[in-house]
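Observations on the three-dimensional arrangement
If you want the building blocks of each chain, they are given just below.
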Amino acid sequence: NHIKNNPNGDHRPSVDSYDLAIDYRNDKSKAQPSKFSLTWKETVIGVIVIILLAVSFSLVNQFGKNLYASEKNFTSVTFYTWFAISTYIFIFPITSLVMMVFNGYNLQQCHRKAKLLFYEHGILNTVFLRILPLTFLLNTAIISNFYALQFIAPSDFTTIFSSVSAFVYILSIKLLKEPFIWIRAGAVCLSITGVVLFAYADGFGTFAMIGVLLALSSAIISALYRVSIKLIIGFRPMIQVSLFISTIGALTLSLSWIPVIILSSTGVDENLWSSIPWETLFIVVGISLADNCLLIFGIAVTYPIFISLGALFGLPLNSIIDAIARNLIFTEAKIFGTMLLIAGFAILLIPTGKAQNISKKITNFILCKNHKDEVL
């Protein structure tokens, strides 16, 4: 990757890699040494991060399902989205506090490093021309997420949503000029097949099918959001990422209440103050905020692969919770679809260099075999 300097004298790679698109918080992915070796302490921290992320990832969707299954008949997804994303304004202060306590930074240093987010294009251009469109994408993705939970189980949603990595790869080929790699193309096919099997298992034309389509929409929009961040915002240190997310929270708090009122008054997404299950709402919002903080802090103390593994291990955990708490029965089609989606997700976690080598070996093997067949 080409290297360019920022005004603070730091170096950061240009945005042209699928590795950067997989998770916009992976700002250490290019700084890690090529040899992947772990000390005992790093291994323990990594395992803890995986467990915490898997649990938080599962609980957000489990309590999200409970939010719309309460006796109060709460149905306003737009209100939840506005309320939940607005709390992201606390992420920058929390990150600054952590850096002050553990890294020895003072408040002035945190502010000086964070404001470099706005240096290149200015505050107004960065906020309204760059971050505002990303705010819209994130709001739309979460709205699709929680509408889907009204039709399907959390385990179904999280499994279908794991196809987000496949859509990230497809978009990164076009937008980030990612090279085409056969093994990743195969992973995309596995993911698409897995989603089709879920649709088949739920029955085409049923209400559950609406949930499948909404979950798929959430995955596609989330993929566009992640790739757009790398394309528009680029590679950023942790403190700038936290300010970026808090800016999304501030924009949501300032603007997203407008569609909440309009949709509620027209009856499209009705929100009655008396119908809001505040206890469950605060639990979901709190877990969501903790999950975002954990993503940011996790990438700062361990390898990016552990962050992705947290989401991967969240898939079977959600299935276990659904089987125990919701008596969910898994059909053969769903089990096979889940296996395909997990396989596709896992393949897309393979670093670009290794993925290219594996694809090359497979291609050479096939070509050699065909050549021998022709000779015979």
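Heads up: these notes are all about the structure in this document.

Definitions and cut-offs
- Residues numbered from 1 in each chain as written.
- Predicted model: local features only at pLDDT ≥ 70, side-chain atom pairs only at ≥ 80, totals over all residues.
- Heavy atoms only, no water.
- Helix = DSSP H or I, 4+ residues; strand = E, 2+ residues; numbered from the N terminus.
- Buried < 20%, exposed > 50% of the residue type's maximum accessible area, 1.4 Å probe, protein only.
- Contact = heavy atoms within 4.5 Å.
- Areas by Shrake-Rupley, 256 points an atom, 1.4 Å probe, with all protein chains shown as cover.
- Phe/Tyr/Trp six-rings, centres within 6.5 Å; stacked < 30°, edge-to-face > 60°.
- Axes fitted to C-alpha atoms, helices over the stretch in contact; angles between N-to-C directions.
- Nonpolar A, V, L, I, M, F, W, Y, C, P; charged D, E, K, R; others polar.
- Expected span 1.5 Å × (residues − 1).

Things to note about the overall build of the chain
- Helices and strands together make up the secondary structure of the chain, namely 16 helices and 2 strands.
- Within the chain, the proportion of its 376 residues that are buried is 49%.
- In the chain, the share of contacts with a sequence separation of at least 24, taken over all contacts with a separation of at least 6, comes to 84%.
- With an accessible surface of roughly 18,400 Å², the chain has 69% of that area assigned to carbon and sulfur atoms.

Description of the packing of aromatic side chains
- Under the criterion given, the structure shown has 14 aromatic pairs.
- Measuring from ring centre to ring centre gives 6.5 Å for tryptophan 82 and phenylalanine 83, while their planes differ by 55°; the resulting arrangement is tilted. Each member of the pair, tryptophan 82 together with phenylalanine 83, is buried.
- Taken together, a centroid distance of 5.6 Å and an interplanar angle of 80° make the contact between phenylalanine 83 and phenylalanine 282 edge-to-face. Residue phenylalanine 83 is located in helix α3 (residues 77-86), and its partner phenylalanine 282 is located in helix α13 (residues 278-301); the two are separated by 199 residues in the primary sequence.

Quick notes on the side chain of serine 58
- Among the secondary structure elements, serine 58 is positioned in helix α2 (residues 40-67).
- Setting aside its immediate chain neighbours within four residues, serine 58 contacts Gly314, Leu317, Asn318 and Ile321.

Considerations on unusual backbone geometry
- The residue lysine 177 is not glycine, and still its phi comes out positive at about 60°.
- Residue position: lysine 177 is located in the loop between α8 (164-175) and α9 (182-202).
- Since its relative accessible area comes to 64%, lysine 177 is described here as exposed.
- With phi around 55°, asparagine 327 is a residue other than glycine that occupies positive phi space.
- Along the chain, asparagine 327 turns up in the loop between α14 (304-325) and α15 (332-347).

Describing the packing of helix α11 (residues 238-255) against helix α12 (residues 257-265)
- For the pair α11 and α12, the least separation of the axes is 5 Å and the interaxial angle reads 35°. In contact with Thr252, Leu253, Ser254 and Leu255 of α11, α12 contributes Trp257, Ile258 and Pro259.
- Taken together, the residues of the contact of α11 with α12 sort by class into 5 nonpolar, 2 polar and no charged.

Considering helix α10 (residues 207-232)
- In this model, α10 (26 residues) spans 37 Å end to end at C-alpha, consistent with the 38 Å of a helix rising 1.5 Å per residue.
- Looking at the residues trailing α10, positive phi occurs at glycine 234, about 85°.

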